[in-house]
Amino acid sequence: MLKKVSPVDLTDSFEKVPVKIYPDLTTGSIAVAREIADLIREKQKRKLTCVLGLATGSTPKTLYAELVRIHKEEKLSFKNVVTFNLDEYYPIDNDALQSYNRFMRSHLFDHIDINPKNINIPNGEIKKEDIKSHCIQYEKRIADAGGIDLQILGIGNNGHIGFNEPGSSVHSKTRLITLDNSTRIANAYEFANISQVPRLAITMGIGTIMKSKKIILMAWGPGKAPVIKKSIEEDHTEQVPASLLQIHDDVKFVVDEAAAAELTRYKSPWLTGDCEWTPKMMKKAVVNMALKLKKPVLSLTNSDYNEYGLSDLLVEKGDAYQINLQVYYMLRDSITG
Ligand code: F6R
């Protein structure tokens, strides 16, 4: 479902989508698992099926482990759950070590009471000439199931969601796609060597993902920080597929602190208008400015402070000269050896 965007969207945040930041991937994954469990139970009460869109890769492993725990220890049943996976390499045997079919069995499906008939994963074993009809059928099965209630996503370093590589259309449907070299390199650790990584994959389209009623994108670790910033704070573009989620009306990014590190609220909180000027924060802001302007700290002027968005600090501490000296002494005192 797409969001209506007003012509002038004045927001007091740099973030164009809701973001929830957890201290680490475990707490983040547990929170998402709880949300999924609540949705399944709520649907059970109303005697409805719960349609989940699922991802593979390293990102959702802890989430699936937590769902398995909730199933075993809290007796959550998956009998009313129907699943659709985002993607699968092509060609690949369903039993191959790197197959996403196998991944889903070993991380989730083999440990819960889901009806195998309710599991849908693109098939990497079919003949090339059958791919088109397989993809059309996949879309139809999603529609027949009533659409995806909650889609879980990871994100590639190039911003891909599913295997929708940069340039994928916002209207794209389930299809065969050529993997980016960067994706093949990122996923090479699962294979004996890069030449073994399939060049193709079957993936749900961005249009397919966008039709989900609710979407949660998860990202952990410092490696994802640059693409998380691009997807959340910069204008949406098909060159960064995850940024297209900005136009969905019920999406949330769930990230750990490391993946959030490049967001303005972490990196330059003074720009968000909500910053407490501790000495540490002052040092960080002034050093950043000096580096950006390529000027020594002691040469920064009142206008530099104003133009760099540090007028608040200027008002609070007096003038540039005083702040420069204070930061200079902090830097000097931190020199050891
Ligand atoms: C996998 C998928 C991909 C991954 C992405 C991140 O089903 O859809 O978009 O989510 O490549 O991979 P990891 O989690 O291994 O960093």
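Rules behind the numbers
Residues numbered from 1 in each chain as written. Predicted model: local features only at pLDDT ≥ 70, side-chain atom pairs only at ≥ 80, totals over all residues. Heavy atoms only, no water. Pairing = 2+ DSSP bridges. Helix = DSSP H or I, 4+ residues; strand = E, 2+ residues; numbered from the N terminus. Contact = heavy atoms within 4.5 Å. Axes fitted to C-alpha atoms, helices over the stretch in contact; angles between N-to-C directions. Parallel < 35°, antiparallel > 145°, perpendicular 65-115°, else oblique. Nonpolar A, V, L, I, M, F, W, Y, C, P; charged D, E, K, R; others polar. Salt bridge = Lys/Arg side-chain N within 4 Å of Asp/Glu carboxyl O. Buried < 20%, exposed > 50% of the residue type's maximum accessible area, 1.4 Å probe, protein only. Near = heavy atom within 4 Å. Polar contact = N/O pair within 3.5 Å; in protein donor to acceptor, adjacent residues only side chain to side chain. Areas by Shrake-Rupley, 256 points an atom, 1.4 Å probe, with all protein chains shown as cover. Phe/Tyr/Trp six-rings, centres within 6.5 Å; stacked < 30°, edge-to-face > 60°. Domains from an automatic or database assignment. Buried area = accessible area lost by both parts, 1.4 Å probe.

Strands sit in the order 1-10-9-6-2-3-5 across an open sheet of seven strands; the sheet is parallel. Each edge of the sheet is formed by a strand with only one pairing partner; in this case those strands are strand 1 (19–22) and strand 5 (119–120). Bridging between strand 1 and strand 10 (residues 251–256) involves four bridges; their strand directions are parallel. Across the sheet, Tyr22 pairs through a bridge with Asp256, a residue of strand 10. Sitting on the sheet, helix 4 (residues 131–144) touches strand 3 (81–85) and strand 5, and the angle it makes with strand 3 is about 150°.

In this section: the packing of helix 10 (residues 279–293) against helix 13 (residues 320–333). The axes of two packed helices give the description: the angle between them and the distance between them. Where helix 10 contacts helix 13, the axes come no closer than 10 Å and their chain directions differ by 100°. Our classification of the angle between helix 10 and helix 13 gives roughly perpendicular. In contact with Pro279, Met282, Lys283, Val286 and Val287 of helix 10, helix 13 contributes Ile323, Gln326, Val327, Met330 and Leu331. Looking at the contact of helix 10 with helix 13 residue by residue, the class counts come to eight nonpolar, one polar and one charged.

A separate point is the packing of helix 2 (residues 61–74) against helix 3 (residues 100–107). Following both chains from N to C, one finds helix 2 and helix 3 inclined at 40°, their axes separated by 10 Å at the closest point. As the angle between them shows, helix 2 and helix 3 are arranged oblique. Contacts from Lys61, Tyr64 and Val68 of helix 2 reach helix 3 at Phe103, Met104 and His107. The residue inventory of the contact of helix 2 with helix 3, partitioned by class, reads four nonpolar, one polar and one charged.

So, on to the pattern of salt bridges. Two side chains bearing opposite charge may form a pair once their charged atoms approach each other closely. Using the criterion set out here, one finds 18 salt bridges in the structure. Residues Asp333 and Arg332 are paired through a salt bridge, measuring 3.3 Å at the closest nitrogen-oxygen approach. Note on Asp333: relative accessible area 57%, which makes it exposed. On the accessibility criterion, Arg332 (43% relative accessible area) is partly exposed. Each of Arg34, Glu66, Arg69, Glu73 and Glu74 takes part in one network of salt bridges that share partners.

In the region of the ligand, 13 residues are neighbours, and Thr59, Asp87, His160, Gly162 and Lys224 sit closest. Here an oxygen atom of the ligand sits 2.7 Å away from a polar atom, N or O, in the side chain of Asp87. At a separation of 2.7 Å, an oxygen atom of the ligand approaches a polar backbone atom of Gly162. Surface burial for the ligand is 92%, taken as the share of its 410 Å² of free accessible area covered by protein chains.

Here the amide bond leading from Tyr90 into Pro91 is cis, since omega sits at -10°, within 30 degrees of zero. Of note, Pro91 is situated in the loop between strand 4 (87–90) and helix 3. Here Lys75, not a glycine, exhibits a phi torsion of approximately 55°, which is positive. Residue Lys294 is not a glycine yet carries a positive backbone phi of 55°. Note that Lys294 resides in the loop between helix 10 and helix 11 (302–307). What makes Lys294 exposed here is its relative accessible area of 74%.

For the structure on display, the rule yields seven aromatic pairs. Aromatic pair Tyr89 and Tyr100: ring centres 4.9 Å apart, planes at 40°, arrangement tilted. With a gap of 11 residues between them, Tyr89 in strand 4 and Tyr100 in helix 3 connect regions that are remote in the sequence. Each residue in the set Tyr89, Tyr100, Phe163 and Phe191 is aromatic and connected to the rest through ring pairs, giving one cluster.

Our next topic: the sheet that holds strand 7 (residues 175–178). What the three strands build is an open sheet, ordered 4-8-7; its pairing is antiparallel. Edge positions in the sheet fall to strand 4 and strand 7, since each of these pairs with one other strand and no more. If you compare each strand with its neighbour and ignore which way they point, the axes differ by 30° on average. For strand 7 and strand 8 (residues 200–203), the ladder comprises four bridges, and the chain directions are antiparallel.

Another aspect to go through is the domain arrangement of the chain. Note: interface size is frequently given as the accessible area lost on complex formation between the parts. With domains assigned, the chain is organised as domain 1 (7–264) and domain 2 (268–333). Domain 1 and domain 2 are separated by 41 Å when their C-alpha centres are compared. Listed as interface residues are four residues of domain 1 and, on the opposing side, four residues of domain 2. Here domain 1 and domain 2 share an interface that buries about 270 Å² over both sides, 60% of which is from carbon and sulfur atoms. The tally of links from domain 1 across to domain 2 stands at zero salt bridges.

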